[in-house]
Amino acid sequence: AVPRTRILATGGASHNKKILQVLSDVFNAPVYTIDTANSACLGSAYRAIHGLVAERNVSLADVVKLAPEPRLAVTPTAGAEELYRPLLRRYAELEQKVICNSASSC
């Protein structure tokens, strides 16, 4: 099962509400966007900073506290979870098969 979370969409596709709605419905999570240039680079920079301070037990949440505030773009459509939950489960099973077929340690 997908944990309760939120999705942060960036880049060109984040301006397309239909794409964001599909993401929200499939993962049963609200989708947020941020209006900042070079958002992929920004995310990479936050991860790099987190890597540098990880040995001091600094969480990623603490690292990104100064990030631009995301804006709620879409929420899941009522009833979409019943459609996508079994499909996500099946996808996870297929993904595990692929991983196990390419590794001998499963």
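For the structure given in this document, a descriptive report is provided here. Keep in mind that what you see is a predicted model, and the values were worked out from it rather than measured.

Cut-offs and rules
Residues numbered from 1 in each chain as written. Predicted model: local features only at pLDDT ≥ 70, side-chain atom pairs only at ≥ 80, totals over all residues. Heavy atoms only, no water. Helix = DSSP H or I, 4+ residues; strand = E, 2+ residues; numbered from the N terminus. Rg over C-alpha atoms; globule rule 2.2 N^0.38 Å. Buried < 20%, exposed > 50% of the residue type's maximum accessible area, 1.4 Å probe, protein only. Contact = heavy atoms within 4.5 Å. Core = buried A, V, L, I, M, F, W, Y, C linked by side-chain atoms within 4.5 Å. Pairing = 2+ DSSP bridges. Axes fitted to C-alpha atoms, helices over the stretch in contact; angles between N-to-C directions. Parallel < 35°, antiparallel > 145°, perpendicular 65-115°, else oblique. Nonpolar A, V, L, I, M, F, W, Y, C, P; charged D, E, K, R; others polar.

Here we look at the overall build of the protein chain
Thought 1: Regarding its fold elements, the protein chain presents four helices and three strands.
Thought 2: Reading the secondary structure of the protein chain in the N-to-C direction produces β-α-β-α-α-β-α.
Thought 3: Taken against the 2.2 N^0.38 rule, which gives 13 Å for 106 residues, the C-alpha radius of gyration of the protein chain at 17 Å runs more than 25% over that of a compact globule.
Thought 4: Expressed as lengths along the three principal axes of its C-alpha atoms, the size of the protein chain is roughly 40 × 35 × 25 Å.
Thought 5: Per-residue burial over the protein chain gives 21% buried out of 106 residues.
Thought 6: Taking the contacts inside the protein chain whose residues are at least 6 apart along the sequence as the reference set, 64% of them involve residues at least 24 apart.

Considering unusual backbone geometry
Thought 1: Despite not being glycine, Asn28 shows a phi value in the positive range, around 50°.
Thought 2: Mapped onto the secondary structure, Asn28 falls in the loop between helix 1 (17-27) and strand 2 (31-33).
Thought 3: Even without being glycine, Asn57 reaches a positive phi, approximately 55°.
Thought 4: The residue Asn57 is located in the loop between helix 2 (39-53) and helix 3 (60-63) in this model.

Focus: the nonpolar core
Thought 1: Core analysis: the biggest nonpolar cluster contains seven residues, these being Ile7, Ala9, Leu20, Ala29, Val31, Ala73 and Val74.
Thought 2: Residue assignment for this core shows that the elements contributing at least two residues are strand 1 (7-9) and strand 3 (71-74).
Thought 3: In contact with Leu20, other than residues within four places in its own chain, are Ala9, Ala13, Ser14, Val31, Thr33, Ala73 and Val74.

Looking at the sheet that holds strand 3
Thought 1: Within the open sheet, the three strands sit side by side as 1-2-3. Their pairing is mixed. The sheet is open, and its two borders are formed by strand 1 and strand 3, each paired with just one other strand. Going from strand to strand, the sheet's axes swing by 45° on average, the running direction of each strand aside.
Thought 2: Where strand 1 lies against strand 2, three bridges are found, and the strand directions are parallel. Pairing of Leu8 across the sheet is with Tyr32, part of strand 2.

A word on the packing of helix 1 against helix 4 (residues 80-102)
Thought 1: One can describe the packing of helix 1 onto helix 4 by two numbers: an axis separation of 7 Å at closest approach and a directional angle of 70°. Looking at the two axes, helix 1 sits roughly perpendicular to helix 4. Residues Asp25, Val26 and Phe27 of helix 1 touch helix 4, and the partners they reach there are Ala80, Tyr84 and Leu88.
Thought 2: A per-class count over the contact of helix 1 with helix 4 returns five nonpolar, no polar and one charged.

What about the environment of Val63?
Thought 1: Note on placement: Val63 falls in helix 3.
Thought 2: Sequence separation between Val63 and Ile49 is 14 residues, and the spatial gap between their C-alpha atoms is 7.2 Å.

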